[in-house]
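Given next are the chains, with one letter for each unit.
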Amino acid sequence: QQPVQSPQAVILREGEDAVINCSSSKALYSVHWYRQKHGEAPVFLMILLKGGEQKGHEKISASFNEKKQQSSLYLTASQLSYSGTYFCGTEQGQGAQKLVFGQGTRLTINP
Amino acid sequence: ETGVTQSPTHLIKTRGQQVTLRCSSQSGHNTVSWYQQALGQGPQFIFQYYREEENGRGNFPPRFSGLQFPNYSSELNVNALELDDSALYLCASSPGLRDNEQFFGPGTRLTVL
């Protein structure tokens, strides 16, 4: 079951904040966040695991509500380089790494 | 440290043909996953290989098959190509199955005419 991301697109001015949400109808073991710039490969941002462990880049923050099967990615003081499409990938079983990706959220940062 | 590489970069085929896409995983990574990404969509999981064995498959027909070699590089084979197979094919490697980030290659853009 594909997770649902919201919003589908957002436009910000440099320095503004954004929140991207990812919601699943199934119980999750982990949520992975990636950013993809046009014509490039997806780049890892963060993994959030059931139980609270997180792995990722220091400047990125995110939350994972296991009961609600939801995750949110927080982008603060956005920079031009944050532009791209953000994907959440969900994993239902440990050790699987079989990610089911959402449809993406397109983020545009303007000067 | 060499990243994930894929070849070819672009490919044009006609319906009914067969295609082989290649992926070299990052050094030290024994797990490779393949994804299909249609324009404007998120990557869709095709299958995963762990230490030369298939370790799970997404909702793709049997004409999508793969291999992983002893050096952990991998191939994706697609038989009897259909127009809907036109997409970006991404491979991603990781250092194991548990709780690891996946490192994506630049992808192969396949066009089926």
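Cut-off values and rules
Residues numbered from 1 in each chain as written. Chains lettered and ligands numbered in written order. Predicted model: local features only at pLDDT ≥ 70, side-chain atom pairs only at ≥ 80, totals over all residues. Heavy atoms only, no water. Helix = DSSP H or I, 4+ residues; strand = E, 2+ residues; numbered from the N terminus. Rg over C-alpha atoms; globule rule 2.2 N^0.38 Å. Buried < 20%, exposed > 50% of the residue type's maximum accessible area, 1.4 Å probe, protein only. Contact = heavy atoms within 4.5 Å. Buried area = accessible area lost by both parts, 1.4 Å probe. Salt bridge = Lys/Arg side-chain N within 4 Å of Asp/Glu carboxyl O. Polar contact = N/O pair within 3.5 Å; in protein donor to acceptor, adjacent residues only side chain to side chain. Nonpolar A, V, L, I, M, F, W, Y, C, P; charged D, E, K, R; others polar. Disulfide = S-S within 2.5 Å.

**Things to note about the overall build of chain A**
The number of helices and strands found in chain A is zero helices and eleven strands. Mapped from its N terminus to its C terminus, chain A presents α and β elements in the order β-β-β-β-β-β-β-β-β-β-β. By the compact-globule yardstick of 13 Å for 111 residues, chain A fits well, its C-alpha radius of gyration being 13 Å. Summarising its shape, the C-alpha atoms of chain A cover approximately 40 × 25 × 20 Å along the three principal directions. In chain A, which comprises 111 residues, the proportion classed as buried is 48%.

**Examining the interface of chain B and chain A**
On the side of chain A, 20 residues touch chain B, which itself brings 24 residues to the contact. For the pair chain B and chain A, the summed buried area comes to about 1,800 Å², and 48% of that belongs to carbon and sulfur atoms. Inspection of the chain B/chain A interface yields zero salt bridges. On the surface where chain B and chain A come into contact, there are three residue pairs in polar contact (both at pLDDT 80 or more). When its residues are assigned to classes, the side of chain B that touches chain A shows eight nonpolar, 13 polar and three charged.

**Thoughts on the state of the cysteines**
Evaluation of the coordinates by the stated rule reveals two disulfides over all chains. Disulfide pairing places Cys 22 of chain A opposite Cys 88 of chain A at an S-S distance of 2.0 Å. Negative torsions about the S-S bond denote left-handed disulfides, and the value of about 70° found for Cys 22 of chain A with Cys 88 of chain A makes this one right-handed. Here Cys 88 of chain A lies in strand S9 (residues 84–91) and Cys 22 of chain A lies in strand S3 (residues 18–23), a separation of 66 residues in the sequence. There is no split in this pair, since Cys 22 of chain A and Cys 88 of chain A are both buried. The partner cysteine of Cys 23 of chain B in its disulfide is Cys 91 of chain B, sulfur to sulfur 1.9 Å. Linking Cys 23 of chain B and Cys 91 of chain B, the disulfide has an S-S dihedral of approximately 70° and is accordingly described as right-handed. Of the two residues, Cys 23 of chain B sits in strand S3 (residues 19–24) while Cys 91 of chain B sits in strand S9 (residues 87–94), which places them 68 residues apart along the sequence. The buried category is assigned to Cys 91 of chain B, whose relative accessible area is 0%.

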